[in-house]
Amino acid sequence: MRNRFLSAIFVLAAVLAFSRVSIAQIDPKAANQAIYSGKHHEGSVKPHDLSGVWMVSENFRFSPIHEQPASFLQPWALVKLNAEPIALRKDLPAGHAGGDTALGRDADISCSQISLTDFITKQKPIEIVQTPQRIFMFFEYEHTFREIWMDGRELPKDPDPSYFGYSVGKWEGDTLVVESVGFTDQTVINGMPHSDALHFVERYRRPDLDTLELSMTASDSKAYTKPWTAGPVKLAWHPDWELVEAFCIQEENSAFKKSIIDPSWSQGQAPKGDKAGSKK
């Protein structure tokens, strides 16, 4: 049950064994294949059963929005988006969430930003636990959880703002539809700014035993001119895993960036697609 945790340690040890010059040359797909790819399991899918430990699959750790931000953001929201540092631009491959792009040399690795979509679709696993009244999502990152009410209640008219919002779910055939409102303006949803009018919809489907697919739609009468969509993101099932503690410690993040990330930049090895590639 600790295979995933041990694999992560081995990968990190391998990274640290490389010289500072060669660190940016590591193939992340090859190094992470054992961590991010699930094994094939025989068996059929039980109706409406999404329980278990899941982790986003290789090549799905970035979920770009299908529409260009300028095509749906209100002017004030577009200004806010463009004012963010590139390291926080989760809508773009050059942001820290993107494909084969490393962290920028100017922006520190921050623990302060919280995003529901990041907790679900990034490099840490989640565990789904189902009860008749609620579905719980337990996140390894920050060792916290989210609840989705399944008792038929309506979304609240005036919810208290929270980072994960207030969520209710229902089944439409074999698809779990989760609607959420009440997000605080201190968070982002898939990289996008929003207002208190945000209505976020997730659709989860399990096409086979090993795969969970997530598609997303967001509408906001104050921030968007039309809804945006993203996905599907694919998560792999890991029945032999247990969640471990993975807290974001700012001092450790800063030390890692200083000793590992920044030296690779000092050798002129800028990440692909980043405009900040020239030396200072």
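Below is a short write-up of the structure. These figures come from a predicted structure and were not determined experimentally. (Residues numbered from 1 in each chain as written. Predicted model: local features only at pLDDT ≥ 70, side-chain atom pairs only at ≥ 80, totals over all residues. Heavy atoms only, no water.)

Observations regarding the overall build of the protein chain
- Each helix and strand counted, the protein chain has five helices and nine strands in total.
- If you list the helices and strands of the protein chain from N to C, you get α-α-β-α-α-β-β-β-β-β-β-β-β-α.
- Expressed as a percentage of the 280 residues in the protein chain, the buried residues total 45%.
- Put simply, 61% of the contacts in the protein chain that link residues at least 6 apart link residues at least 24 apart. (Helix = DSSP H or I, 4+ residues; strand = E, 2+ residues; numbered from the N terminus. Buried < 20%, exposed > 50% of the residue type's maximum accessible area, 1.4 Å probe, protein only. Contact = heavy atoms within 4.5 Å.)

Structural notes on unusual backbone geometry
- With an omega dihedral of 5 degrees, the bond running from Gly231 to Pro232 counts as a cis peptide bond.
- Position of Pro232 relative to the elements: it lies in strand 9 (residues 228–237).
- A positive phi angle, near 60 degrees, is found at His48, a position not held by glycine.
- As for its position among the elements, His48 is in the loop between helix 2 (28–36) and strand 1 (52–56).
- Even without being a glycine, Glu142 presents a positive backbone phi close to 65 degrees.
- Position of Glu142 relative to the elements: it lies in the loop between strand 3 (134–139) and strand 4 (144–149).
- Look at Glu142 and you get partly exposed, because its relative accessible area is 23%.

What about the packing of aromatic side chains?
- Following the criterion strictly, the structure yields 10 aromatic pairs and no others.
- The interplanar angle of 65 degrees and the centroid separation of 5.1 Å between the aromatic rings of Phe119 and Tyr141 together place this pair among those described as edge-to-face. Remark: Tyr141 occurs in the loop between strand 3 and strand 4 and Phe119 occurs in helix 4 (residues 116–121); sequence separation between them is 22 residues.
- On the basis of an interplanar angle of 40 degrees and a centroid distance of 6.1 Å, the ring pair of Phe138 and Phe145 is categorised as tilted.
- Taking relative accessible area as the criterion, Phe145 reaches 43% and is therefore assigned partly exposed.
- Taken together through their ring pairs, the aromatic side chains of Phe119, Phe139, Tyr141 and Phe164 make up a single cluster.
- In this arrangement the basic side chain of Arg153 is found over the ring face of Trp149, its NZ or CZ atom lying 3.6 Å from the centre. (Phe/Tyr/Trp six-rings, centres within 6.5 Å; stacked < 30°, edge-to-face > 60°. Lys NZ or Arg CZ within 6 Å of the ring centre and 35° of its normal.)

Re the nonpolar core
- Counting 39 residues, the largest nonpolar core has Tyr204, Tyr224 and Trp228 as the members making the most contacts within it.
- Ranked by residue count, the leading element in this core is strand 9, at five residues.
- Beyond its immediate stretch of four places on either side in the chain, Tyr224 contacts Phe72, Leu73, Gln74, Met192, Pro193, His194, Leu198, Ala218 and Ser219. (Core = buried A, V, L, I, M, F, W, Y, C linked by side-chain atoms within 4.5 Å.)

Re the environment of Pro193
- Inspection of the secondary structure assignment puts Pro193 in the loop between strand 6 (175–181) and strand 7 (199–208).
- Looking at Pro193, the relative accessible area reads 1%, which means it is buried.
- With 120 residues separating them along the chain, Pro193 and Leu73 place their C-alpha atoms 8.7 Å apart.
- Look past the residues within four positions of Pro193 in its chain and what remains in contact with it is Leu73, Ala77, Lys80, Leu81 and Tyr224.

Quick word on the pattern of salt bridges
- Counted according to the given criterion, the structure contains six salt bridges.
- The salt bridge partner of Asp151 is Arg153, with a shortest N-O separation of 2.8 Å.
- The class for Asp151 is partly exposed, based on a relative accessible area of 32%.
- The residue Asp196 makes a salt bridge to Lys222 at a minimum N-O spacing of 2.8 Å. Residue Asp196 is found in the loop between strand 6 and strand 7, and its partner Lys222 is found in the loop between strand 8 (211–219) and strand 9; the two are separated by 26 residues along the sequence.
- Assessed through its relative accessible area of 58%, Asp196 is described here as exposed. (Salt bridge = Lys/Arg side-chain N within 4 Å of Asp/Glu carboxyl O.)

Remarks on the sheet that holds strand 2 (residues 126–130)
- Read once around its circumference, the closed barrel built from nine strands follows the order 1-2-3-4-5-6-7-8-9, with strand pairing classed as mixed. Adjacent strand axes in the sheet meet at a mean angle of 30 degrees, parallel and antiparallel pairs treated alike.
- In terms of strand pairing, strand 3 meets strand 4 through six bridges, oriented antiparallel. Residue pairing across strands places Phe138 opposite Phe145, the latter belonging to strand 4. (Pairing = 2+ DSSP bridges. Axes fitted to C-alpha atoms, helices over the stretch in contact; angles between N-to-C directions.)

Examining the pairing of strand 8
- Where strand 7 lies against strand 8, eight bridges are found, and the strand directions are antiparallel. Paired with Asp208 across the strands is Thr211, a residue of strand 8.
- Hairpin connection, strand 7 to strand 8: the antiparallel pair is bridged by two residues.
- In this sheet, strand 9 lies alongside strand 8 in antiparallel orientation, the contact comprising seven bridges. Bridging from a neighbouring strand, Ala218 pairs with Trp228 of strand 9.

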